[in-house]
Amino acid sequence: MKYFTLVFTLVFLPVLNIKAQDDSLRTAFWAAKEPDERLRLAYEISKPLVTSHPDSLETYLFSALKDSASAGNSKHLASCLNLAAVHCYYKGKYDSMVHYARRATMVYVALN
């Protein structure tokens, strides 16, 4: 029984910790009021989901991009736009990919 407990702890505890961190990011995303903070959290949530769970990515990423329309340019906006371009590439939406990549480049250039 001790061996089983040790194996369970070593194998499943890191997985549960990642899940808890992911849930706390999602909770923080929905609680955040500032558009730049929502963009930062959306990027952190969405980056690992680009290839594995693209539909979950859409929920957070595009919600934050829509809310940030009045916020102005920021590093987080450019990162989210770039991630949206990558997402569109994997979905086969190449016109949208070019649109988001161009917007991300324009924001990066405006910041520098």
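The rules we used
Residues numbered from 1 in each chain as written. Predicted model: local features only at pLDDT ≥ 70, side-chain atom pairs only at ≥ 80, totals over all residues. Heavy atoms only, no water. Core = buried A, V, L, I, M, F, W, Y, C linked by side-chain atoms within 4.5 Å. Buried < 20%, exposed > 50% of the residue type's maximum accessible area, 1.4 Å probe, protein only. Helix = DSSP H or I, 4+ residues; strand = E, 2+ residues; numbered from the N terminus. Contact = heavy atoms within 4.5 Å. Polar contact = N/O pair within 3.5 Å; in protein donor to acceptor, adjacent residues only side chain to side chain. Salt bridge = Lys/Arg side-chain N within 4 Å of Asp/Glu carboxyl O.

Draft legend 1. Spotlight on the nonpolar core. If you look at the biggest cluster of nonpolar residues, it comprises 25 residues, and the most contacted ones within it are Phe 29, Leu 61, Leu 65 and Leu 81. Among the secondary structure elements, those contributing two or more residues to this core are helix 1 (2-31), helix 2 (35-46), helix 3 (54-67), helix 4 (75-91) and helix 5 (94-111). With near-sequence residues (within four places) excluded, Phe 29 lies in contact with Arg 38, Leu 41, Ala 42, Ile 45, Tyr 60, Ser 63 and Ala 64.

Draft legend 2. Quick look at the environment of Arg 38. For Arg 38, the location among the structural elements is in helix 2. Relative accessible area serves as the criterion here: at 8%, Arg 38 is assigned to the buried category. Separated by 39 residues in sequence, Arg 38 and Leu 77 have C-alpha atoms that sit 9.7 Å apart. If we ignore the near neighbours within four places in the chain, the residues touching Arg 38 are Phe 29, Trp 30, Ala 32, Ser 63, Ala 64 and Asp 67. At 3.1 Å, the side chain of Arg 38 forms a polar contact with the side chain of Ser 63.

Draft legend 3. A look at the pattern of salt bridges. Overall, the coordinates contain three salt bridges when judged by the stated rule. Between Glu 37 and Arg 40 there is a salt bridge, with the nearest N and O atoms lying 2.6 Å from each other. Pair noted here: Glu 37 and Arg 40 are both in helix 2, with a separation of three residues, about one helical turn. When its relative accessible area of 27% is taken as the criterion, Arg 40 is described as partly exposed. Of the charged contacts in the structure, one is a salt bridge between Glu 58 and Lys 91, with a shortest N-O distance of 4.0 Å. In this pair, Glu 58 sits in helix 3 while Lys 91 sits in helix 4, placing the two residues 33 residues apart along the sequence.

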